[in-house]
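Analysis of the macromolecular model
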Amino acid sequence: QADVLVEVLDARDPLGCRCFALERFVVAKHPDKKIILLLNKIDLVPREAVEQWLLYLRRQFPTIAFKAATSHQRKHLGRSAVAASKASHKLLEGSDCLGADTLLQLLKNYTRSHKIKTAITVGVVGFPNVGKSSVINSLRRAKVAQVGAT
């Protein structure tokens, strides 16, 4: 049912948590659907590794570097307007989300390209423990999806 699929990947092992079968199925059976790769947990790997993974993954699908908010607050999770790829070491170590504005802008662009629709449906997919719930919470700026223990 989704117009766009956001596949959440763990930056520590992006290929190991990628669902190639799902990607092939969507491309073959639903060529009008968009796939976005979201490289999550970028704060857990060296910046150079993130840059190399982005170069590699962007050859196949639009790819966004992301760090989900890690605040223990109940509401109003923090979000930085700085692009994740340009974030300082201090921002990467903080509790604010990085990359959300980039993802939301890309989704808005897809909404504009669906000329008939005023809104699109986005599916968030990925292996267990890649951070799907944390990504959703970061985008909503509130804890709306329960996060599992890691």
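Here's what I pulled together on the structure shown here. All figures in this text were calculated on a predicted structure; none of them were measured in a lab.

**Description of helix α2 (residues 47-57)**
Among all positions in α2, only Val 50, Leu 54 and Leu 57 are buried. Taken down its axis, α2 places every buried residue within 75° of arc, on the same side. Relative to its buried face, α2 has exposed residues pointing more than 90 degrees away, namely Glu 48, Gln 52 and Leu 55. Of the surrounding secondary structure, the elements contacted by the buried residues of α2 are β1 (4-10), β2 (34-40) and β3 (63-65).

**Observations concerning a nonpolar patch on the surface**
Residues Leu 15, Phe 20 and Tyr 56 make up a contiguous nonpolar surface patch of roughly 230 Å² in combined accessible area. Looking at the secondary structure, you find Phe 20 in helix α1 (residues 20-29). Residue Phe 20 is classed as partly exposed on the basis of its relative accessible area, which comes to 35%.

**Section: unusual backbone geometry**
Even without glycine at this site, Lys 41 takes up a positive phi of about 65°. Overall, Lys 41 belongs to the buried group, its relative accessible area being 16%. For Asn 129, which is not glycine, the phi dihedral falls at a positive 65°.

**As for the sheet that holds β1**
One open sheet accounts for four strands, arranged β3-β2-β1-β4; its pairing is parallel. The open sheet is flanked by β3 and β4 (122-125), the only strands paired with a single partner. The mean angle between the axes of side-by-side strands here comes to 25°, regardless of whether they run parallel or antiparallel. Bridge count for β1 against β2 is seven bridges, and the pairing is parallel. The partner of Leu 9 across the bridge, within β2, is Leu 39. Running at roughly 155° to β2, α1 makes contact with β1, β2 and β4 of the sheet. In this fold helix α4 (residues 100-113) packs onto β1, β2, β3 and β4, with an angle of close to 180° to the strand it touches most, β2.

**Some points on the pattern of salt bridges**
For the structure shown, the criterion picks out three salt bridges. Between Asp 10 and Arg 12 there is a salt bridge; the shortest N-O distance is 2.7 Å. For Asp 10, the salt bridge identified is with Lys 41, shortest N-O distance 3.6 Å. Placement of the pair is Asp 10 in strand β1 and Lys 41 in the loop between β2 and α2, with a sequence separation of 31 residues. Taken individually, Asp 10 and Lys 41 each receive the classification buried, so the pair is uniform in this respect.

**Considerations on the nonpolar core**
By size, the foremost hydrophobic cluster in this structure holds 32 residues, and its most contacted members are Ile 36, Leu 38, Leu 39, Val 50, Leu 103, Leu 107 and Tyr 110. Of all the secondary structure elements, the ones that give two or more residues to this core are β1, β2, α2, β3 and α4.

About the cut-offs
- Residues numbered from 1 in each chain as written.
- Predicted model: local features only at pLDDT ≥ 70, side-chain atom pairs only at ≥ 80, totals over all residues.
- Heavy atoms only, no water.
- Buried < 20%, exposed > 50% of the residue type's maximum accessible area, 1.4 Å probe, protein only.
- Helix = DSSP H or I, 4+ residues; strand = E, 2+ residues; numbered from the N terminus.
- Arc of directions from axis to C-beta.
- Contact = heavy atoms within 4.5 Å.
- Patch = residues over 30% accessible without salt bridge, like charges linked within 9 Å, V, L, I, M, F, W, Y side chains within 5 Å.
- Areas by Shrake-Rupley, 256 points an atom, 1.4 Å probe, with all protein chains shown as cover.
- Salt bridge = Lys/Arg side-chain N within 4 Å of Asp/Glu carboxyl O.
- Pairing = 2+ DSSP bridges.
- Axes fitted to C-alpha atoms, helices over the stretch in contact; angles between N-to-C directions.
- Core = buried A, V, L, I, M, F, W, Y, C linked by side-chain atoms within 4.5 Å.

Geometry only, nothing functional implied.
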